[in-house]
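Structural features, examined
What follows is each chain in one-letter form.
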Amino acid sequence: MYLDYYGLKEAPFSITPDPRYVFLSERHRDALAHLLYGVGKGGSGGFVQLTGEVGTGKTTLCRLLLEQLPENTRVALILNPKLSPLELLEAICDELRISVVDRRGSQKAMVDALNSYLLDAYAQGLRVVLIVDEAQNLSTEALEQIRLLTNLETPTQKLLQIILLGQPELRDMLAQSELRQLAQRITARYHLKPLDEAETDAYVRHRLAVAGLQRVPFSRLGIRALFQRSGGVPRVINIIADRALTAGFAMDQATLGERTVQRAANEALPGSASYWARRLGLRIALPLLGLFLALALTTWWYRHTQTAPPPKTVSSASTVQPPAAGLLALRAALATATHTEDAAWSQLLARWQVRAEQATVDQAKACPGVLFAGFDCLSGRGTLEQLARFDRPMILKLGRTNEPAAALLLGAGQNTVRLELNGTRYDLPRAALDEIWQGEFTVVFRLPPEQPQTLQQGDAGPAVAWVARQLTLSDGIRTASAGPAYYDAALKDRVIRLQQGFGLRADGIVGQETLFALASLGADGPHLAHDVP
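Here is a short report on the structure shown in this document. Just so it is clear, the structure is predicted and the values come from calculations on it, not from any experiment. (Residues numbered from 1 in each chain as written. Predicted model: local features only at pLDDT ≥ 70, side-chain atom pairs only at ≥ 80, totals over all residues. Heavy atoms only, no water.)

Right, let's talk about the sheet that holds strand E7 (residues 394-398) for a bit. What holds strands together in a sheet is hydrogen bonding between their backbones, with the strands either parallel or antiparallel. Here we have six strands laid out as an open sheet, ordered E6-E11-E7-E8-E9-E10, and antiparallel in their pairing. Strand pairing shows two members of the sheet lacking a second neighbour, strand E6 (375-381) and strand E10 (424-429), which therefore form its edges. Between one strand axis and the next, the sheet turns through 30° on average, direction left out of account. Both E7 and strand E8 (residues 405-412) contribute to a ladder of five bridges, which runs antiparallel. Its bridge partner lying in E8, Ile395 is registered against Leu408. Along the sheet face, helix H16 (residues 340-351) touches E6, E7, E8, strand E9 (416-421), E10 and strand E11 (437-446) and points at about 35° away from the line of E8. (Pairing = 2+ DSSP bridges. Helix = DSSP H or I, 4+ residues; strand = E, 2+ residues; numbered from the N terminus. Axes fitted to C-alpha atoms, helices over the stretch in contact; angles between N-to-C directions. Contact = heavy atoms within 4.5 Å.)

What follows is about the sheet that holds strand E3 (residues 127-132). Judged by pairing direction, the sheet is parallel, and its five strands sit side by side in the order E2-E3-E4-E1-E5 without closing on themselves. Strands at the two margins of the open sheet, each flanked by one partner only, are strand E2 (73-78) and strand E5 (186-192). Ignoring which end each strand starts from, the neighbouring axes of this sheet average 15° apart. Alignment of E2 against E3, held across six bridges, turns out to be parallel. Considered in E3, the bridge of Leu77 is made with Ile131.

What follows covers the packing of helix H20 (residues 462-475) against helix H22 (residues 512-520). Relative orientation of the contacting elements H20 and H22 amounts to 55°, with a least axis distance of 9 Å. By the angle between their axes, H20 is oblique relative to H22. Both H20 and H22 take part in a crossing whose hand is left-handed. Of the residues in H22, those in contact with Trp466, Val467, Gln470 and Leu471 of H20 are Leu515, Leu518 and Ala519. When grouped by side-chain class, the residues that make up the contact of H20 with H22 number six nonpolar, one polar and no charged. (Parallel < 35°, antiparallel > 145°, perpendicular 65-115°, else oblique. Left-handed = near helix turned anticlockwise from the far one by under 90°. Nonpolar A, V, L, I, M, F, W, Y, C, P; charged D, E, K, R; others polar.)

Put into structure tokens, the structure is as follows:
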């Protein structure tokens, strides 16, 4: 009803999955990177576990994972895991198109058929992945059967990689004593949290833009109310936003403020106060509310009239110990770590959502150089302060002189840095990084197709126009010109100021390092975490 009124081509907040509307926050990128890394580990890995509240986007990430798997991957996707162990084996065989017509009903026969398939796939260089969605619905017996499937292996390789997707209840299930053997085999865990307020704003703008609307009809307070009432859960955001647009159309409101969003949430969410008031009736709801307040006041009075125990003192070492322990753990890992470069590249490419057909890990390791059209790579030396300004994940060479290990820089807080080595994260003091890192880094970044490696005063064309647009993100200066963009003296001065800000050679020439600085100004792509404690 509201499409024409707001100038939309289609409904922007449908809860049906549509790849065009996918919005990946930093958390979603991180979760997807964990899944891709788990698949990339192949025969050396255990289980990969992804959990999250209802509606946070687990199934969407599963769809993206399927789209980005290498061509040599075979997948068994189980969407309804409420199955007995035997039914689960049959479903896996059906997904992998294993002929088991004469073996149904026998658990041993099914496992034998699956083992034979896996051995044949291994001989052909294929990778087999089992993905179980809604895994919290698995019975204890079915989970144990899945664990036993990891025993299908060669002397050096696991034949089946397993990914479990589920609600937070899955974590509680795997904490049970009888499932400790399975829990010990989980090598990568990630819990997907809802969007924060800024991400909610970006999410709403993204979906409206895809639907054909650039002007956001929600006011700033409307967005805040949308975040507060939805809790940042994308599915709930969609439900409330769609109801708010409908209400705005009905009341002829071009701008949707806090009151409209609150009213829409009250209508759409069963847990709201007005929902229960409508069903219980005001005559019942108001006395109940009074009784609740009386009980709350009584409880407050009782607690505050009791003698409170003295507050516990917290040792100052407790605030320092985690980063210090992280440094010790990282040092121990560096002493024995292998294949770190492949793991770091796999994680970095996954964060940029680079598909296997675009660039493999082996191709990326040929850096520096253009990985493929629109994607560049840079290696160099710098300080942590300088790298933090670029605000992009990057590979650092750590430790050993002859064969340094490769770790991924994920965050840079005021006092702490976060690194990832072979899928394990370590928080350590910023000052301690200098003990194991000599300044070498490698980074990848996006550029417009056909962007030259060098630009200088006197050049003209679309590449210069892109430089000017990126500089506007930094200095706010907008230039309007008829005809092709021209690299003049004014633009050179702006480039020099940018170079000075990033600690680069201030020569006014846009080389590879300056291109990276310009690309890092954009909001797209992964960024460093700055809330590291």
